Amino acid sequence: MVLELEKRLAQRLRAVLKEKYALDVENIPLETPPDLHLGEIATPIALQLARTLRKAPKIIAQEIVAALGSVEGFVRFEVAGAGYINAFLDRAEAAQVVAAPAAQISSKRLLHAMVEHTSINPNKAAHIGHLRNAILGDTFVRLLRAAGYKVDVQNYIDNTGVQVADVVVGFLHVEKKSVAEVRTLIAVCGDLAKIEGPKAAIDYYCWDLYANTSQWYTSGSPEENEVRKKLRYSTLHAIEQGNNETAEIADLISTAVLRRHLETMLRLDIEYDFLPRESEILHLKFWESAFEKLKQSGVLYFENEGKNKGCWVMTRPGAAAESVQDQDGPKGTDEDAKVIVRSNGTVTYVGKDIAYHLWKFGLLGRDFGYNPFFTYPDHECWISSVQGQEIHPQFGNATAIYNVIDARQSDPQSNVIQALRGMGYTEQADHYTHFSYEMVALTPRCAEELGYSISDEDKKKSYIEVSGRKGFGVKADDLIDKLIETVQPLVDEKQASSPEPVRREIARQIAIGALRYFMLKVTRNSVIAFDFKDALSFEGETGPYIQYAVVRIRNIFRKGGMDPEAELAALAELAEIGPYLSGEENEDIWSLWLRAGRRSQVLEQCIATSEPAYLAKHAFQLAQEFANFYHRHHILTEEDPARKTFLLATAAVTLRELVASLALLGIESPEAM
RNA sequence: GCGCCCGUAGCUCAGCUGGAUAGAGCGACUGACUACGAAUCAGUAGGUCGGGAGUUCGAAUCUCUCCGGGCGCACCA
């Protein structure tokens, strides 16, 4: 509602500026006044134009207001302060618009977006850092879909990397297991996990093995360590090669761990459409196609001198200006260039990534094979394969891509964008978003609670980076389990009369709500210093606070024997609701309605800035305003029938908006709690 | 050495394209359960927005500089 009114006002203002001052102003600045006494929408446009028009801002503002005339939805405009123009809404009309059933989103945006997130190396259990990635990515997918985008969700699997090799080394050379034994182990873990939970699962087993093996490389005599290092690289090569026992173990393990990751994420309502794997990017020779294109476009050149002699390299972003400067000087080699193909002819990670991203945009001229891999209640998740099924859905050919990857990888990401740009794919490069976020770290206190021994140096830090290699971190399933364990007694106490399965479901919903909100309330580029005290909180600015507001509203309608949507519809029948929305004593109610009408505005802002935190904030503030309203106005005992209908509609509209906002955040709204 | 991010209340964080009196939550203190559930609400205390300079009618927000903290800058993946 607010979004539409803002657009209408901006359009009218543009027209006025055009006819009165012959000015074309593309972006009319609109903001929210600090207080409702100053209207609902304000613009400092007159302040901005003071200089160009050589007039006092106040005079300009008055002239604009005089020229505005009447605008539908607004009752008046005022000049205030140094030259603000404040717009006042027709409150009754606005409330009716908010109350009306939401119009279907126009699917005129035919943007086909591809969001890649999670992308955990399939050699160990997922930890809290991966949770932040997956929750951010999944939430953004929900936002894009709500805005009318067609979205494919991808989870990239690096199943041939050195991390997987390390675990394979662990099985073969530390534990000295055979292929058959590994196969048995995976089966046993799978059965055990069904009874004992995630702690018995294969990804937990690998978590320890990976940490042990990493240590094993440096724990022997210098000669032994030398041998072990060589083992590591021969294992990696064998995996890349394929068709051997080592590769078979790697495939068994990475596939089993991948399944575990999908199960863990499903606990948080996170699903995927396609799992492209590194192994197919290698075996289907994506790189060879990309290499030709890169050479042809001149993005890659062969280096004949310097430290990168014998390599195919590309200029780094930002280095372009310098090389132009160097023109008259001695043609020095660009020592800083990024190596894409090594002197031994193998391709680097960035090279493979360029090939993969050409595929994403449908520019590679090759495709994966596809096999079904994981079945969700309402759709299938596909995985890449060399030879896939004949009938499969189409992936790739995206018009916009979002890569949810942590901020540490911004360098390689910008290399890929640079390559696209260099190849002339400007449009694609512009629609390539590195959806970056900062890491989740542990506070020293939290690390000690978990039983890790902390160096004195680390104790002084405000946070310590988690590390899969060291086995240092909080596992995702452990955190989810701990959240459930913490809420369950509360639910059991408050919902004592409900049957046990119902109580368990409520505890689950609350736990997931708490976790998702915890990860989403912080903006992307702030480091989360993880602490159980904050993560396990269900009070204040948390997911459960918002869920509780929903439950209280539902209780009102349950107790009154009424239906929220019917009460909302009844609002339209009321003769005059204006009086309920004006006057000092009703400002809080109007404020609640106004916020309820802001969802699409907030959604648009989230997408424009790739920042889901705004919506998390919006949901909390709406719940907070409702809690205040709830205490001040007792609805069911209201004697004036018209006012009672109005109050019920207020609760109903809040319910609808809260549930919708929570759903966009991937948080369920319990019936009771 | 180069690049990116961060520094706002005791703690954890918001503050949108510069705009009106810098906001939440937690913690502390005071108060509210005989009314739709107190996982709640009302109130009090707590800030020279890291320091300095600049641009501007106007700066937490933009520029520069310094200080402090974090992360990247391989022919590893």
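Below is a short write-up of the structure. (Residues numbered from 1 in each chain as written. Chains lettered and ligands numbered in written order. Predicted model: local features only at pLDDT ≥ 70, side-chain atom pairs only at ≥ 80, totals over all residues. Heavy atoms only, no water.)

### Let's talk about the protein's contact with RNA strand B
Taken together, 63 residues sit near RNA strand B, with Tyr84, Arg342, Lys494, Thr523 and Tyr630 positioned nearest. Backbone atoms, meaning sugar and phosphate, form 64% of the atoms of RNA strand B found within 4 Å of the protein. Asn86 has a polar side-chain atom sitting 2.9 Å from a base nitrogen of RNA strand B. Residue Asn555 places a side-chain N or O atom 2.6 Å away from a base nitrogen belonging to RNA strand B. Counting residues per element, the ones that place at least two in the surface near RNA strand B are α2 (45-53), β3 (84-89), α6 (162-174), α14 (349-360), α19 (476-494), α22 (543-560) and α27 (613-632). Per-element tally for the surface near RNA strand B: the top contributor is α27, with eight residues. (Near = heavy atom within 4 Å. Polar contact = N/O pair within 3.5 Å; in protein donor to acceptor, adjacent residues only side chain to side chain. Helix = DSSP H or I, 4+ residues; strand = E, 2+ residues; numbered from the N terminus.)

### So, the pattern of salt bridges
For side chains bearing opposite charge, pairing can occur when the charged atoms are close. Per the counting criterion, the structure on display carries 48 salt bridges. Between Arg91 and Glu40 there is a salt bridge; the shortest N-O distance is 3.4 Å. Taken together, the residues Arg91 in helix α4 (residues 91-99) and Glu40 in the loop between α1 (2-21) and β1 (41-43) connect sequence positions 51 residues apart. On the accessibility criterion, Arg91 (16% relative accessible area) is buried. The partner of Glu280 in a salt bridge is Arg277, with the nearest N and O atoms 3.2 Å apart. Given a relative accessible area of 12%, Arg277 falls into the buried group. Residues participating in the shared-partner salt-bridge network are Asp203, Arg260, Glu263, Arg267, Asp477 and Asp481. (Salt bridge = Lys/Arg side-chain N within 4 Å of Asp/Glu carboxyl O. Buried < 20%, exposed > 50% of the residue type's maximum accessible area, 1.4 Å probe, protein only.)

### Observations regarding the sheet that holds strand β8 (residues 312-314)
A sheet is described by the order of its strands in space; here three strands give the open sequence β7-β8-β9, paired in antiparallel fashion. One side of each edge strand has no neighbouring strand; the edge strands of this open sheet are β7 (301-302) and β9 (338-341). Judged from the three bridges that link them, β8 and β9 form a sheet pairing that is antiparallel. Bridging from a neighbouring strand, Trp312 pairs with Val341 of β9. (Pairing = 2+ DSSP bridges.)

### Some words on the packing of aromatic side chains
Counted according to the given criterion, the structure contains 27 aromatic pairs. When the centroid spacing of 4.9 Å and the interplanar angle of 75° are considered together, the rings of Trp359 and Phe368 count as edge-to-face. Each member of the pair, Trp359 as well as Phe368, is classed as buried. Taken together, the ring pairs connect Tyr156, Phe274, Phe286, Tyr356, Trp359, Phe368, Tyr370 and Phe395 into an aromatic cluster. Across the ring face of Phe373, the terminal group of Arg259 is positioned such that the distance to the ring centre comes to 4.1 Å. Note that Lys482 overlies the ring of Phe532, its terminal NZ or CZ placed 4.2 Å from the centroid. (Phe/Tyr/Trp six-rings, centres within 6.5 Å; stacked < 30°, edge-to-face > 60°. Lys NZ or Arg CZ within 6 Å of the ring centre and 35° of its normal.)

### Concerning the side chain of Asn159
Relative to the assigned elements, Asn159 resides in the loop between β5 (150-154) and α6. Classification of Asn159 as buried rests on a relative accessible area of 5%. A distance of 2.9 Å separates the side chain of Asn159 from the side chain of Ser279, its partner in a polar contact.

### Some remarks on the environment of Gly310
Relative to the elements of secondary structure, Gly310 occurs in the loop between β7 and β8. For Gly310 and Arg342, which are 32 residues apart along the polypeptide, the C-alpha to C-alpha distance reads 7.3 Å. When near neighbours in sequence (up to four residues on either side) are disregarded, Gly310 contacts Phe302, Glu303, Arg342 and Ser343. (Contact = heavy atoms within 4.5 Å.)

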